[in-house]
Amino acid sequence: MRVVLPGGSIGVLGGGQLGRMLALEAKRMGYRVGVLDPVAGCPAAQVADFHLQAPLHDSEAALELSTRVDVVTLETELVPFAVLARLEAATPVRPGASVLHTIQDRLRQKEFLQAAGFPQAPFAPVHDPRCVQEAAQAVGFPAVLKSRRGGYDGKGQAFVPDPGALERAWQSIGGRPAVLETLVPFKMEIAVILARGVQGEIRVYPLAENVHKRRILHTTRVPARVPERTRREAERLACGIAETLGHVGVMAVEMFVLDDDTVLVNEIAPRTHNSGHYTFGACVTSQFEQHLRAICGLPLGDPSLLSPAVMVNLLGDLWLEGTPRWEAVLSRRNARLHLYGKAEARVGRKMGHVLIVNTDADRALREAEEIVAALRAEAGSSSAQDLPPG
Ligand SMILES: Nc1ncnc2c1ncn2[C@@H]1O[C@H](COP(=O)(O)OP(=O)(O)OP(=O)(O)O)[C@@H](O)[C@H]1O
Ligand SMILES: [Mg+2]
């Protein structure tokens, strides 16, 4: 296996914030970066060496990217696996097409988990109105209906309180192929972030405790407040999934923790993940550097936590009444601001995040909420004069 050393070139399929932070870390380490993304001036293109502006399903453009780099990776599972399969013939592609094939269809992902014996909520496919009743019998209610493809941040999902509401819910997500799953009465959501290298070695990051609002990640707190046994079980499941898939790179496995501390898998992301943003500042090796190390065949870095931390997402909602009051973050010595360079703020759109480090994670969580509230308050002009001296 050829190792891609600093000075080499990385091709990234997708140019959002995950690609941007990957590119920032790659540039720091002396790599060149090329990005494929349909949007001019997308977050990753702003920091990459070159940008091919084309849709993610454009296999000719992807092929051109692959001829200009030493290894191709991705920042979104929306890249069609057939595109990866075509590139794989000539260039290392990590993760590979087979991983994407399993993951990018929610039903196939759930069938994979079931066949391999990983615990998850009961589910049933919904292809058309005829199988709606069949699905309703297989799954307990209340339930959630999720489109098989293309969903993120809760998009393409509908709450289904009872079997009678299923058909309308299915129409509301566009009558697309979907999966119905039982609503899990979880007491906590967690995510395992890990990296698996080309030789199969695995490094696991400290467990993340997630809170979602409106089905969008709001905060991540690390370390998660779970018993040791639960943490070990979550790690065992995530490592087993990465190994069974033959994944290379960073992977996130989102999970539900039930009242009795048992763990169910929610979903797999074969890439860097919002739940792992805390690693960029609070760990020895960020998830982005770790992903690079994995796909380049380098030794994996140390995932240890330098300090307990909280990550809070900044959604476009904060911009509704004007520019957020940045001094609310910048005046705090233990807070670190990340903005993704998105041209337009929209409600529910991830625009940036703040990392707060504090030896007391509960305190960090309170600080995160204070910061978000202060960013929003009397939104208007934000100026350096508002900052305290020094
Ligand atoms: N079966 C379920 N039971 C309870 N809550 C659920 C269930 N499915 C989803 N949710 C809630 O909705 C959130 C988003 O769901 P999911 O992770 O499936 O969506 P997604 O749109 O793929 O999100 P992501 O942005 O993480 O890719 C979950 O983190 C959880 O809070
Ligand atoms: Mg999710």
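Residues numbered from 1 in each chain as written. Chains lettered and ligands numbered in written order. Predicted model: local features only at pLDDT ≥ 70, side-chain atom pairs only at ≥ 80, totals over all residues. Heavy atoms only, no water.

Digging into the site of ligand 1
Turning to step 1, where the next piece is worked out: Near ligand 1 you find 19 residues, and of these K146, D153, G154, E181 and E189 are the closest.
Turning to step 2, where the next piece is worked out: Between T182 and ligand 1, the recorded distance is 3.0 Å, taken from a backbone N or O atom to a nitrogen atom.
Turning to step 3, where the next piece is worked out: For ligand 1, the protein covers 93% of the area, taking 610 Å² as the surface of the free molecule.
Turning to step 4, where the next piece is worked out: Only strand 6 (143–147), strand 8 (178–182), strand 13 (249–257) and strand 14 (263–269) provide two or more residues apiece to the shell around ligand 1.
Turning to step 5, where the next piece is worked out: When the residues that make up the shell around ligand 1 are grouped by side-chain class, the tally is 6 nonpolar, 5 polar and 8 charged.
Turning to step 6, where the next piece is worked out: Shared between two domains, the shell around ligand 1 holds at least three residues of each, these being domain 2 (122–182) and domain 3 (188–379). (Near = heavy atom within 4 Å. Polar contact = N/O pair within 3.5 Å; in protein donor to acceptor, adjacent residues only side chain to side chain. Areas by Shrake-Rupley, 256 points an atom, 1.4 Å probe, with all protein chains shown as cover. Helix = DSSP H or I, 4+ residues; strand = E, 2+ residues; numbered from the N terminus. Nonpolar A, V, L, I, M, F, W, Y, C, P; charged D, E, K, R; others polar. Domains from an automatic or database assignment.)

A closer look at the sheet that holds strand 7 (residues 157–160)
Turning to step 1, where the next piece is worked out: The antiparallel open sheet is built from 4 strands, whose spatial order is 5-8-6-7. Taken across any chain shown, the strands that pair with only one partner, and hence form the sheet edges, are strand 5 (123–126) and strand 7. Direction aside, the axes of adjacent strands within the sheet are offset by 25° on average.
Turning to step 2, where the next piece is worked out: Direction of pairing for strand 6 relative to strand 7: antiparallel, over a ladder of 4 bridges. Of the residues in strand 7, the one forming a bridge with V144 is F159. (Pairing = 2+ DSSP bridges. Axes fitted to C-alpha atoms, helices over the stretch in contact; angles between N-to-C directions.)

Concerning the nonpolar core
Turning to step 1, where the next piece is worked out: One finds I190, I241, L245, M251, M255 and I268 to be the most contacted residues of the largest nonpolar core, which totals 27 residues.
Turning to step 2, where the next piece is worked out: Secondary-structure elements contributing two or more residues to this core are helix 4 (97–103), helix 5 (106–115), strand 9 (188–196), helix 8 (228–245), strand 13 and strand 14.
Turning to step 3, where the next piece is worked out: Counting residues per element, this core draws most heavily on helix 8, at 7 residues.
Turning to step 4, where the next piece is worked out: Membership of the second largest hydrophobic core comes to 22 residues, among which are A23, Y31, L292 and Y340. (Core = buried A, V, L, I, M, F, W, Y, C linked by side-chain atoms within 4.5 Å. Buried < 20%, exposed > 50% of the residue type's maximum accessible area, 1.4 Å probe, protein only.)

Here's the deal with the packing of aromatic side chains
Turning to step 1, where the next piece is worked out: This structure, assessed with the given rule, holds 3 aromatic pairs.
Turning to step 2, where the next piece is worked out: Relative to F256, the ring of F186 has its centre 5.1 Å away and its plane inclined at 5°; by these criteria the two rings are stacked. With a gap of 70 residues between them, F186 in the loop between strand 8 and strand 9 and F256 in strand 13 connect regions that are remote in the sequence.
Turning to step 3, where the next piece is worked out: Residue F186 is classed as partly exposed on the basis of its relative accessible area, which comes to 38%.
Turning to step 4, where the next piece is worked out: Assessed through its relative accessible area of 8%, F256 is described here as buried.
Turning to step 5, where the next piece is worked out: Taken together, a centroid distance of 5.6 Å and an interplanar angle of 65° make the contact between W319 and W326 edge-to-face.
Turning to step 6, where the next piece is worked out: A cation sits over an aromatic face here: R68 above F50, 3.9 Å from the ring centre. (Phe/Tyr/Trp six-rings, centres within 6.5 Å; stacked < 30°, edge-to-face > 60°. Lys NZ or Arg CZ within 6 Å of the ring centre and 35° of its normal.)

With respect to the domain arrangement of the protein chain
Turning to step 1, where the next piece is worked out: Domain boundaries in the protein chain define domain 1 (9–93), domain 2 (122–182) and domain 3 (188–379).
Turning to step 2, where the next piece is worked out: Each of domain 1 and domain 2 has a C-alpha centre, and the two are 33 Å apart.

Observations concerning the sheet that holds strand 1 (residues 9–13)
Turning to step 1, where the next piece is worked out: Strand order in the open sheet made by the 4 strands is 3-2-1-4, with parallel pairing throughout. The strands lining the two open edges of the sheet, one partner per strand, are strand 3 (50–53) and strand 4 (71–74). In this sheet, neighbouring strand axes are inclined to one another by 20° on average, regardless of whether the strands run parallel or antiparallel.
Turning to step 2, where the next piece is worked out: Pairing of strand 2 (residues 32–37) with strand 3 involves 4 bridges; the strand directions are parallel. Bridge pairing in strand 3 links V35 to H51.
Turning to step 3, where the next piece is worked out: Against the sheet, helix 2 (residues 59–67) makes contact with strand 1, strand 2, strand 3 and strand 4, and its axis sits at roughly 180° relative to strand 2, the strand it touches most. (Contact = heavy atoms within 4.5 Å.)

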